[in-house]
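Descriptive analysis of the structure
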Amino acid sequence: MPHDIHPLLLCGGSGTRLWPLSRKSYPKQFTRLTGAESLFQTSARRLSGPGFAAPIVVTGADYRFVVTEQLAGVEIAAAATLIEPEARNTAPAILAATLQLHAHSPGALMLVAPSDHVIPDAAAFRAAVQAAIPAAQAGQLVTFGIRPDRPETGYGWLELTALPDTAFSPKPQPLRRFVEKPDLATAEAMLAGGLHLWNAGIFLFTTDIMLAAFEQHQTQLLGSVRSAFERAETDLNFLKLAPNPWAVCADISIDYAVMEKADNLAVVPYGGSWSDLGGWDAVWRESGPNDDGVVTFGPSTAIDCSDSLLRAEDGQQALVGIGLTDIIAVAMPDAVLVAHRDRAQDVKLAVEALRKQGAAQAETLPRDFRPWGWFESLALGGRFQVKRIHVHPGAALSLQSHHHRSEHWIVVEGTARVTIGDDVTLISENQSVYIPIGAKHRLENPGKVPMVLIEVQTGSYLGEDDIIRHDDIYARGQGAKG
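Predicted model only: the values in this text are computed from it and were never measured.

As recorded in UniProt, the feature "domain: Nucleotidyl transferase" (unreviewed entry) lies at residues 7-286. Secondary structure across residues 7-286 divides into 36% helix and 21% strand, with the first and last C-alpha atoms of the span separated by 25 Å.

Okay, structure coming up:
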């Protein structure tokens, strides 16, 4: 009888190398970079169907409702969603999920997969995973190595014990060693030699074998993560790991923590297409440049350009490049990136510089996503702000009040159910309502279509942390996002 594989989708990263599209408030795994679905949705779909159990997800508190909504969009329900109190790299995240799965299914097969990779041939990848099962069940920690097609210095590499066969069949073999991100000369030599593959950061193992590896190589980390797991609290459909023991966990990758120390390693070569979309140069490459090497996205126009990416995200923009070579230009409503393609890995330096300046663009998108929908600021002055608010069908904002602002709502699409104090009314398109300072109020969408309204705020302070939640169906607590 075949054993189900339990996918673990890691989606807590901030994706700073794809700024300004990817930011801490809504990182790249949740964006539609190369297709109609987000990278997270595509990853979940790739690891579903026959032979796969429902996925386990590890993410941060700010993304928990995004995860739920995006999985629902592809008709997949998570077996468990673990919430990290803070990002601590891949080793603690993988260990927490391993403990969770082991508690319910001791010795079960777990497949660790980042949620922001592009693997176009899902069937071929699933075949490689199936080929790895016997090695994992025999007690091996199995990693997957990607056939390299260039001397990439941005990836770690894997050294094989023997050359793959000419068909690059996905046959497990012992792994000789992990290789750190190399310099160009080393990468060129490894590419020419044929004994090295790219490290995809994808792993297959049984829970008991991985726990034994942590027991042998990372006993202190195992104790901290186990304490965070055992003291975790259930919140709606989420499992929130305990913050105090989690805070002392080492910030360390699974490679450094366990894999590079273990002696029961195997590697499965994978010959299909793969990308971690680790920079705008990778997005350019995966987007299929035309004969001139140009990729355009959105309302962008290239004139006499070559080997360049022009991407505009707002339908009201017009991004035009003239005579550009090896240039990346990405335009958002609030930020524009222009960089040489060879400097794509340095985009994170822009984020660091903006963060030091205190610029909101470093981490926050103009559109703020919430469990009930989203809002974006259209205009901001000294004592006023105008927002567009989009509420999903059947969703409701918290019952709340504000110390420093009043609000005026004008419905422009759909119908709103509005609570102000003890009064509940239905507000249709082109109707409006006023909420005084301090009044308890709630906005709901009782309809079957999205509801959109324009909100005009006036007052001495307009920050998102001026929200006192009196009741909330999403159990967010207090604070800007809760």
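Okay, back to it.
Once that is clear, we can look at the pattern of salt bridges. Enumeration according to the criterion identifies 21 salt bridges in this entry. Salt-bridge contacts for Arg417 lead to Glu444; the nearest nitrogen and oxygen are separated by 3.5 Å. Here Arg417 is found in strand E23 (residues 416-420), whereas its partner Glu444 is found in strand E26 (residues 441-444), with 27 residues between them in sequence. For Arg417, a relative accessible area of 30% gives the class partly exposed.

Looking now at the nonpolar core. Residues Leu111, Phe144, Leu204 and Trp280 are the most contacted members of the largest nonpolar core, which totals 68 residues. Contacts of Trp280, omitting those with residues within four sequence positions, involve Arg17, Leu18, Trp19, Leu21, Leu33, Leu309, Arg311, Ile328, Val330, Leu337, Ala344 and Val347. Core analysis: the second largest hydrophobic core is formed by 48 residues, Val112, Leu221, Leu239 and Ala262 among them.

Of the pockets and cavities examined, the largest pocket occupies roughly 1,500 Å³. Lining of the largest pocket is provided by 45 residues; of these, Arg17, Asn89, Thr90, Lys181 and Ser253 occupy positions nearest its centre. Elements that contribute at least two residues to the lining of the largest pocket include exactly helix H3 (90-104), strand E7 (173-179), strand E8 (196-206) and helix H9 (254-259). A total of four residues in the lining of the largest pocket trace back to one element, the largest contributor, which is E8. Around the second largest pocket, the lining is made up of 31 residues, and of these Glu313, Arg367, Phe369, Trp374 and Glu376 lie nearest the centre. Where the lining of the second largest pocket is concerned, the elements lending two or more residues are helix H2 (64-73), strand E18 (367-370), strand E19 (373-380) and strand E20 (384-391). At five residues, the largest contribution of residues to the lining of the second largest pocket is made by E19. Per-class residue counts for the lining of the second largest pocket are 13 nonpolar, nine polar and nine charged.

What counts, and where the lines are drawn
- Residues numbered from 1 in each chain as written.
- Predicted model: local features only at pLDDT ≥ 70, side-chain atom pairs only at ≥ 80, totals over all residues.
- Heavy atoms only, no water.
- UniProt positions renumbered as here; feature names shortened; annotations may be inferred.
- Helix = DSSP H or I, 4+ residues; strand = E, 2+ residues; numbered from the N terminus.
- Salt bridge = Lys/Arg side-chain N within 4 Å of Asp/Glu carboxyl O.
- Buried < 20%, exposed > 50% of the residue type's maximum accessible area, 1.4 Å probe, protein only.
- Core = buried A, V, L, I, M, F, W, Y, C linked by side-chain atoms within 4.5 Å.
- Contact = heavy atoms within 4.5 Å.
- 1 Å grid on protein atoms, 1.4 Å probe; cavity = no way out; pocket = protein on both sides within 12 Å on 5 of 7 lines; lining within 4 Å.
- Points joined across faces, edges and corners; volume = space filled by probe spheres on them.
- Nonpolar A, V, L, I, M, F, W, Y, C, P; charged D, E, K, R; others polar.

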